Structures are given as C-alpha cells and as structure tokens.
Amino acid sequence: MASPAAEPTIFSRIVAREIPATIVAETDQVIAFNDIHPQAPVHVVVTTKSQRYRNVGELAAGDPALLAELIAVAGRVADEHCNGEYRLVFNTGESAGQTVFHVHAHVLGGDLEEGTLAAQ
Ligand code: 5GP
C-alpha cells in the first residue's frame, strides 16, 4: 500500500488532469486512457483512480469489487473500440515489464500480431 506521503504516480497525475491523456472511459473509481506508446491498434490503460494498490494481486486481495469494476470498464472499452475482442494484460513486477507501480490493465485489441503478449 502506498503511504499518504507517496509521490503521485504518473497515472495519479493523469487522474488529476496534471498530465494530458486521451480519456476513453471513466467511473467514480476507475479511469481508462489511450497508452502513450501503443503496442496494438487499440491500446488502452485501465487503472484505479487511487494509487493504493501497486498491482493486480494486491487489488484482488484488498478490494475485489474494485478489480471487478476495472475489468468491467475494460470490457466496455473493448466493446466500443474493438468489437468486444481483446487481450487483457496485467504486468506485475519489473522483470515482467511493469514500469508504473499503480495497478492497471492493458486492453489490447484490433488485429493483434501473434505474440503481442507484453505491453512493452
Ligand atoms: P506497465 O509497463 O507498467 O505495464 O505499463 C505502463 C504503461 O503506461 C506503458 O504502456 C506506458 O506506455 C504507459 N504510460 C507511461 N506514461 C504514460 C503517460 O504519461 N501517458 C499515457 N497515456 N501512458 C503512459
């Protein structure tokens, strides 16, 4: 869990509108925006507005309802942008490609190349 004094993550700064992003969906607790370095025709980051949880395991243990909401938002984004067909990737840990330690899913869609497993 992040301490209250933790530096805001890049995603918290997007939530606060300090950094611009193309926001494609938003609920009270979840936000989705286009990835700045897309790895697929559709590449959307879906994250919690709170940076309390660093990865999907922490979120599942700490707030399963919020994880379900994040996945529901991802599904709606995919319905709108890639006919409901998509890959959902949660990187966990640096060696697995995680660079932002604020739980998020990558929605990847639209004629994915074989092997588009990692988001980086
Ligand atoms: P991770 O590597 O942690 O799984 O995913 C982090 C993702 O955030 C990367 O795909 C990266 O391109 C994206 N990202 C990093 N900084 C920004 C930013 O300032 N704006 C947007 N829209 N995406 C970002």
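Cut-offs used in this document
Residues numbered from 1 in each chain as written. Predicted model: local features only at pLDDT ≥ 70, side-chain atom pairs only at ≥ 80, totals over all residues. Heavy atoms only, no water. Near = heavy atom within 4 Å. Polar contact = N/O pair within 3.5 Å; in protein donor to acceptor, adjacent residues only side chain to side chain. Areas by Shrake-Rupley, 256 points an atom, 1.4 Å probe, with all protein chains shown as cover. Helix = DSSP H or I, 4+ residues; strand = E, 2+ residues; numbered from the N terminus. Buried < 20%, exposed > 50% of the residue type's maximum accessible area, 1.4 Å probe, protein only. Contact = heavy atoms within 4.5 Å.

**Quick notes on the site of the ligand**
- The ligand sits among 16 residues. The nearest are D35, N91, G97, T99 and H106.
- One of the backbone nitrogen or oxygen atoms of G97 is found 2.8 Å away from an oxygen atom of the ligand.
- H104 places a side-chain nitrogen or oxygen 3.0 Å from an oxygen atom of the ligand.
- Coverage of the ligand by the protein chains reaches 91% of its 520 Å² of free accessible surface.

**Topic: the side chain of T47**
- One can find T47 in strand β3 (residues 42-48).
- Accessibility expressed as a relative area gives 0% for T47, which makes it buried.
- Looking at T47, its side chain comes within polar contact range of the main-chain oxygen of V103, at 2.6 Å.
- Those residues in contact with T47 that lie beyond four places of it in its chain are F11, Q29, V30, I31, F33, L70, H102, V103 and H104.

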